[in-house]
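Commentary on secondary and tertiary structure
In case you want the letters, here they are:
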Amino acid sequence: MFRQLDRPLRRAAICVAVLSATLAASIFAMKTSPPWNDRTGTAAAQQVQVAPGPVMFPLFARKSGRLYDYEPKGTGGVKPLVDMGGGWAEADALVQANVSEGGKANDIYHRLGTTLFYTAEHGNDTKVVGGGWQIYDMLVSVGNMGGSAEPDLIARHTDGTLWLYQGKADGTFQPRIRIGSGGWGGMTALAGRGDYTGDGKTDLVARSTDGTLYIYPGTGNLVADGVLGSRITVGTGWNIHKLIVSTGDNDGDGKTDLIAADTAGLLWLFKGTGNASAPFAPRVQIGTGGWAAFDHLF
């Protein structure tokens, strides 16, 4: 488990140019299959895939249209912020994913209107992934769930279905596969970048409207409606948290953690245990205040 933690300033410089590059990229034709190109009910089961070991990611946050980078301390918590620049207010979806540089970079997907864009951490180009992405009201990167070498994207359709996009090395995706046939509109948060149950497979964390937190274990099988196993109830009362996100293994103990900002503005770390029956240790405060001002953590 390792990350290069000395690149936030370079990352900030790249991000300043992203939106201007986006305007130029948007004049080109869409380069990949649109979201409706799917394999619902037709994907054959593949060999069970095991997730890579826990990885430590930075925490990205947006406030008043500006992005901020909080690098991990390595033992739990985050370092002081690095300003990544403004102009991000119009992005209605933001996702961090480690696609480029063999999975060692921190890249960004963002959506403007109907179009999804991808920007590598080190590079000058923002590329168009595709159009038609307005059909989704939630996007999240959960790491390697479908078995490809690159991280995958999970998208919730406005009709309550859930879809998996397997990542490709160029930042685009394989045709989508349905992983939830309905009812996902009742979830107010999706998160997860690794294994929470200790079986070596990537899982999905979801919070329902009544404040109950669930883990949906990954099966490792890329088959329509068979990517997720039966859910595990973590606990109730999670509505006290405004935002929930995973940055992988935040404290460096080899297990995937969860981070949450509560409505009072405090930031909390829920250390993963790797035990499916009790997946998180009691929370630890890692931020003293002001976190309620952010409208997105990713």
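Note that this is a predicted model, so its numbers are computed, not measured. (Residues numbered from 1 in each chain as written. Predicted model: local features only at pLDDT ≥ 70, side-chain atom pairs only at ≥ 80, totals over all residues. Heavy atoms only, no water.)

1. Thoughts on the environment of Gly185
Within the secondary structure, Gly185 sits in the loop between β11 (177-180) and β12 (187-194). Considered as a pair, Gly185 and Asp137 are 48 residues apart in the sequence and their alpha carbons are 9.2 Å apart. Sequence-distant contacts of Gly185, defined by excluding residues within four places in its chain, comprise Arg156 and Gly160. (Helix = DSSP H or I, 4+ residues; strand = E, 2+ residues; numbered from the N terminus. Contact = heavy atoms within 4.5 Å.)

2. Digging into the nonpolar core
Grouped together as the largest cluster of nonpolar side chains are 20 residues, with contacts concentrated most on Ile154, Trp184, Leu190 and Leu204. Broken down by secondary-structure element, the contributors of at least two residues to this core are β8 (136-143), β10 (162-165), β11, β12, β13 (203-208) and β14 (213-216). With three residues, β8 is the single largest residue contributor to this core. With sequence-adjacent residues up to four places away left out, Leu190 is seen in contact with Met138, Val140, Leu162, Trp184, Leu204, Val205 and Ala206. One finds Tyr118, Ala120, Trp133 and Tyr165 within the second-largest nonpolar core, a separate group that totals 18 residues. (Core = buried A, V, L, I, M, F, W, Y, C linked by side-chain atoms within 4.5 Å. Buried < 20%, exposed > 50% of the residue type's maximum accessible area, 1.4 Å probe, protein only.)

3. Things to note about the sheet that holds β14
As summarised here, the arrangement of the four strands in space is β12-β13-β14-β15, forming an open sheet in which the pairing is antiparallel. The open sheet terminates on both sides in strands that have one partner only, identified here as β12 and β15 (232-235). Pairs of neighbouring strands in the sheet enclose a mean axial angle of 25 degrees, with direction left out of account. Here β13 pairs with β14 via four bridges, running antiparallel. The residue bridging Ala206 from the neighbouring strand is Tyr214, located in β14. (Pairing = 2+ DSSP bridges. Axes fitted to C-alpha atoms, helices over the stretch in contact; angles between N-to-C directions.)

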